[in-house]
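Letter by letter, the chains look like this.
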Amino acid sequence: MIFNEAVNYIHSLQRFGIRPGLAGMDALLSYLGNPHNGLSFVHVAGTNGKGSTSTAISNVLVDSGYQVGLYTSPFVSHFLERIQFNGSPVEENIFSESVSQVKKGVEHLSERGVIITEFEALTAAAFLCFKKLSCDVVVLEVGLGGRLDATNVIPTPLCNVITSLSLDHTGVLGDSIEKIAFEKCGTI
């Protein structure tokens, strides 16, 4: 699979899950050999400032001599801004190889009635990239919420960061700051 095919495949998947929960993500990662295990994480949740906070943490760690993965969303000009290694997008071939592995897992699970979303597949591909690159630390930005976000399958992180909270995605996370805080704090 070449890079453009990998990106198109990721975009071909459902954007949002049918069932809340982490069972599909757990099943996909299990199929892939649990690439997230053995990695160390800084997990960043919140409403505003997640991306800039994640990038700042990544930069500090890189400047301190660590091999650092960074997973954020969305991207500004290039898709692989979302998956970085030491401050630069991962190489297209590493990403494409990882997506090829994920595609096999998605197809295997689909035959069993388990639907994997676009964000779950991309997150799994990122974990594979970070494992292949032997990252010392991965700075991992939550996609939506926290408690049931695909990123919340990681082992206990080195650190949890929660940026400022405000009303966002109220149809999914709740209609009050307290309910949203509960979801974001689900990463702790």
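Fair warning: this is a prediction, and the values are worked out from it, not measured in the lab.

Quick look at the overall build of the chain now. When you go through the chain residue by residue, the secondary structure sums to 7 helices and 6 strands. Taken from N to C terminus, the helices and strands of the chain fall in the order α-α-β-α-β-β-β-α-α-β-β-α-α. What you see for the chain is a C-alpha radius of gyration of 16 Å, in line with the 16 Å of a compact globule of 188 residues. Taking the principal axes of the C-alpha coordinates as reference, the chain spans close to 45 × 45 × 30 Å. Considering only intrachain contacts with a sequence separation of at least 6, the fraction spanning at least 24 residues in the chain is 76%. Carbon and sulfur atoms form 52% of the exposed surface of the chain, whose accessible area is close to 8,800 Å². Positive and negative side-chain charges in the chain, numbering 12 and 18 respectively, have mean positions lying 6 Å apart.

So, on to helix α1 (residues 3-12). Looking at α1, one finds that the buried residues are F3, A6, V7, Y9 and I10. For α1, the angular spread of the buried residues around the axis is 160°, confining them to a single face. Within α1, the exposed residues directed more than 90 degrees away from the buried face are N4, N8 and S12. On its buried face, α1 sits against α4 (92-110) and α5 (118-132).

Procedures and definitions
- Residues numbered from 1 in each chain as written.
- Predicted model: local features only at pLDDT ≥ 70, side-chain atom pairs only at ≥ 80, totals over all residues.
- Heavy atoms only, no water.
- Helix = DSSP H or I, 4+ residues; strand = E, 2+ residues; numbered from the N terminus.
- Rg over C-alpha atoms; globule rule 2.2 N^0.38 Å.
- Contact = heavy atoms within 4.5 Å.
- Areas by Shrake-Rupley, 256 points an atom, 1.4 Å probe, with all protein chains shown as cover.
- Lys, Arg positive; Asp, Glu negative; His and termini not counted.
- Charge placed at Lys NZ, Arg CZ, Asp CG, Glu CD.
- Buried < 20%, exposed > 50% of the residue type's maximum accessible area, 1.4 Å probe, protein only.
- Arc of directions from axis to C-beta.

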